[in-house]
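Overview (structure and organization)
The lines below spell out each chain.
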Amino acid sequence: MSTNKVSVIVPIYNASRYLRTCLDSILCQTLTEFELICVDDGSTDDTPSILKEYEAKDSRVRVITQQNQFAGAARNAGKAIATGEYLVFWDSDDFFKPQALEILYSKCKADDADVCICAVSHYFEDLQKTLPSAGYIKKSYVPKELPFAPDDVPDYILNITTAHPWNKMFRRAYIESIALDFQATRNGNDIFFVINAIARASRITVVNKPLICYRVNQADSLFGTLTTSPLTPINNWIATRESLIAHDAYPKHSFDNKILGTLVYFLHNIQNWSAFEETFRFLQTEGLKKLDLTVQPEGYYYSAANADCLKHMLSDSPNDFLVYFSNLTYHQHTELNGKYQSLNNRQKKVKKQYTLQEKSLDSLRQALEDSEQALEYERKQNKDLKNSRAYRIGRFFTCIPEKLRKLFYRH
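Heads up: these notes are all about the structure in this document. Computed from a predicted model, the values in this text were never measured in an experiment.

Points about the overall build of the protein
Counting its secondary structure elements, the protein contains twelve helices and nine strands. Burial analysis of the protein (411 residues in total) assigns 43% to the buried set. When the accessible surface of the protein is split by element, carbon and sulfur atoms take 53% of a total near 22500 Å².

Thoughts on the side chain of S133
Secondary-structure assignment places S133 in strand β7 (residues 129-133). Those residues in contact with S133 that lie beyond four places of it in its chain are V120, S121 and H122.

Quick look at the pattern of salt bridges
The full count for this structure, using the stated rule, is 19 salt bridges. One salt bridge in this structure joins D181 and K79, with 2.6 Å as the shortest N-O distance. Of this pair, D181 sits in the loop between α5 (172-177) and α6 (190-199) while K79 is found in helix α3 (residues 70-80), placing the two residues 102 residues apart along the sequence. D181 gets classed as partly exposed once you look at its relative accessible area, which sits at 38%.

Quick word on α3
Buried within α3 are the following residues: G72, A73, A74, R75, N76, G78 and K79. Residues of α3 that are buried sit in contact with β1 (6-12), β2 (34-41), β3 (61-66), β4 (86-89), α5 and α6.

Some details on the pairing of β7
Where strand β6 (residues 115-124) meets β7, five bridges bridge the pair, whose relative direction is antiparallel. Looking across to β7, one finds that S121 is bridged to P132. Where β6 hands over to β7, the hairpin turn is made up of four residues, of which Q128 adopts a positive phi near 60 degrees.

Points about the nonpolar core
Ranked by size, the top nonpolar core spans 66 residues in total, and within it L263, L291, L293 and M313 carry the most contacts. A total of eight residues in this core trace back to one element, the largest contributor, which is α6. Non-local contacts of L291, meaning those with residues more than four positions away in its chain, are made with I234, W237, I238, R241, Y250, F255, D256, I259 and L263. Core analysis: the next-biggest nonpolar cluster, separate from the first, contains 36 residues, L27, C38, M169 and L211 among them.

Thoughts on the packing of α6 against helix α7 (residues 232-246)
Direction vectors running N to C along α6 and α7 enclose 30 degrees, while the axes themselves pass 9 Å from each other. Relative to α7, α6 is oriented roughly parallel. At the point where α6 passes α7, the crossing takes the right-handed sense. Side by side, α6 and α7 meet where I191, F192, I195, N196 and A199 of the first sit next to P233, N236, W237, A239, T240, S243 and L244 of the second. Its residues assigned to classes, the contact of α6 with α7 comprises eight nonpolar, four polar and no charged.

Examining the packing of aromatic side chains
The final tally for this structure, using the stated rule, is 22 aromatic pairs. The interplanar angle of 75 degrees and the centroid separation of 5.5 Å between the aromatic rings of F89 and F193 together place this pair among those described as edge-to-face. With F89 in strand β4 and F193 in helix α6, the pair connects residues that are 104 residues apart, well separated along the chain. Note on F193: relative accessible area 0%, which makes it buried. Sitting above the plane of the Y54 ring, K57 keeps its charged end 4.0 Å from the centroid. Sitting above the plane of the Y141 ring, K138 keeps its charged end 5.8 Å from the centroid.

Brief notes about the side chain of S243
Examined against the element boundaries, S243 turns out to sit in helix α7. Taking the relative accessible area as the measure of exposure, S243 reaches 10% and is therefore buried. Residues within four places of S243 in sequence aside, it is in contact with F192, N196 and R200.

So, the environment of S274
With respect to the helices and strands, the residue S274 is situated in helix α9 (residues 273-290). Within the structure, S274 has its side chain in polar contact with the side chain of N272 (distance 3.3 Å).

So, the pairing of β1
In terms of burial, β1 is a largely internal element, seven of the seven residues being buried. Both faces of β1 are covered, namely the face carrying V6, V8, V10 and I12 and the face carrying S7, I9 and P11. Of the pairings in the sheet, the one linking β1 to β2 comprises seven bridges and is parallel in character. Following the sheet pairing, V6 is matched in β2 by F34. Read from β1 through helix α1 (residues 16-27) to β2, the crossover connection turns out right-handed.

Focus on unusual backbone geometry
Apart from glycine, the bulk of residues carry a negative phi angle, and the bulk of peptide bonds sit in the trans form. With omega at -5 degrees, the peptide bond leading from L146 into P147 counts as cis. For D112, which is not glycine, the phi dihedral falls at a positive 50 degrees. Counting through the fold element by element, D112 comes out in the loop between α4 (100-111) and β6. Look at D112 and you get partly exposed, because its relative accessible area is 41%. Although it is not a glycine, Q128 adopts a positive phi angle of roughly 60 degrees. Looking at the element boundaries, Q128 is found in the loop between β6 and β7. By relative accessible area, Q128 is classed as exposed at 53%.

Quick word on the state of the cysteines
A full pass over the atoms with the stated rule returns zero disulfides. No disulfide involves C116; its sulfur sits 4.5 Å from that of C108, the nearest cysteine. Given a relative accessible area of 0%, C116 falls into the buried group.

What counts, and where the lines are drawn
Residues numbered from 1 in each chain as written. Predicted model: local features only at pLDDT ≥ 70, side-chain atom pairs only at ≥ 80, totals over all residues. Heavy atoms only, no water. Helix = DSSP H or I, 4+ residues; strand = E, 2+ residues; numbered from the N terminus. Buried < 20%, exposed > 50% of the residue type's maximum accessible area, 1.4 Å probe, protein only. Areas by Shrake-Rupley, 256 points an atom, 1.4 Å probe, with all protein chains shown as cover. Contact = heavy atoms within 4.5 Å. Salt bridge = Lys/Arg side-chain N within 4 Å of Asp/Glu carboxyl O. Pairing = 2+ DSSP bridges. Core = buried A, V, L, I, M, F, W, Y, C linked by side-chain atoms within 4.5 Å. Axes fitted to C-alpha atoms, helices over the stretch in contact; angles between N-to-C directions. Parallel < 35°, antiparallel > 145°, perpendicular 65-115°, else oblique. Left-handed = near helix turned anticlockwise from the far one by under 90°. Nonpolar A, V, L, I, M, F, W, Y, C, P; charged D, E, K, R; others polar. Phe/Tyr/Trp six-rings, centres within 6.5 Å; stacked < 30°, edge-to-face > 60°. Lys NZ or Arg CZ within 6 Å of the ring centre and 35° of its normal. Polar contact = N/O pair within 3.5 Å; in protein donor to acceptor, adjacent residues only side chain to side chain. Right-handed = clockwise from strand over helix to strand, strands pointing away. Disulfide = S-S within 2.5 Å.

Remember, this is a structural readout, not a statement about activity or role.
Given below as structure tokens:
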């Protein structure tokens, strides 16, 4: 029987720039009973030599190599040889808090969970700063009682978190029992796996501490690939919906809101016109129908702006939609800028009040300091007086009547 509590699976492709940081953050985890399965997905840089170096110096590291088949296939290859009780799928350009595995594993064991979701921090590559991000756990959708099942929150189960695997820990026996794999696609390969894993789980739990440091603002991010294969993630969502229906685990209200928000996000991030037009026409002619996305009564969609976008997707031409979408984005940006300005003005007001309070506090501190100095001066004067010759002589004469009175009363 394996002694590994966790199998850490890392798909790697030409990641030499960040790989040492990633591997070091894994190997220094406070939980030590784990295996690290590194899957080299046909790298052509220094990745293979770095992996050999780490494999030679730490027995927990296992390296397997395959031709370039993208991250989904690499994760499947690592999962196929995993022996740990639980699985995590971490990325080679991220890094992780030292207690990440220990906290996730302990929470999974305490709640007997199939899936555990944790919070995330963003590491801004250009700023060299790490800041918490609220987008990976929607706390208002999480039930108060942990763990929980999908049926406890059917309207929000898929909206609690993102479709990324790297801020989650999965029970290996559960994943194997439902024969769940990643899709072997260039992008969006994690959608099918993560959404199925959450929707079909019996027990889900949450850790609100940010344990993952996700590197952002990189030129080779996922949305750069939407230009070359914009329909792939949408087809993955279609396949995911079909799978959920087939396994009687389809939370329609939650799914509709999840996919609509995702489509709006995709359209916003596609970087050239031809890819945008291709995506829009696909959605209008068949994609929205396959996803069963239709106009619904007011309030059905969490976001009124997304609901309005759907109406335009169904009726506009690509050119008209782009004009509408650009105008919407402009107004949203203006509104956001206004909120930012209002917040900034409020911050300035609070800062001014704080400054005035600080000045008042400084005055009080000075008054207290002056009082303490005056008191100390009085103490010194009193001490000097007690030590003076005149004070001692006075004490001598005043104590004589006292002695006579005691003598009188004694007799």
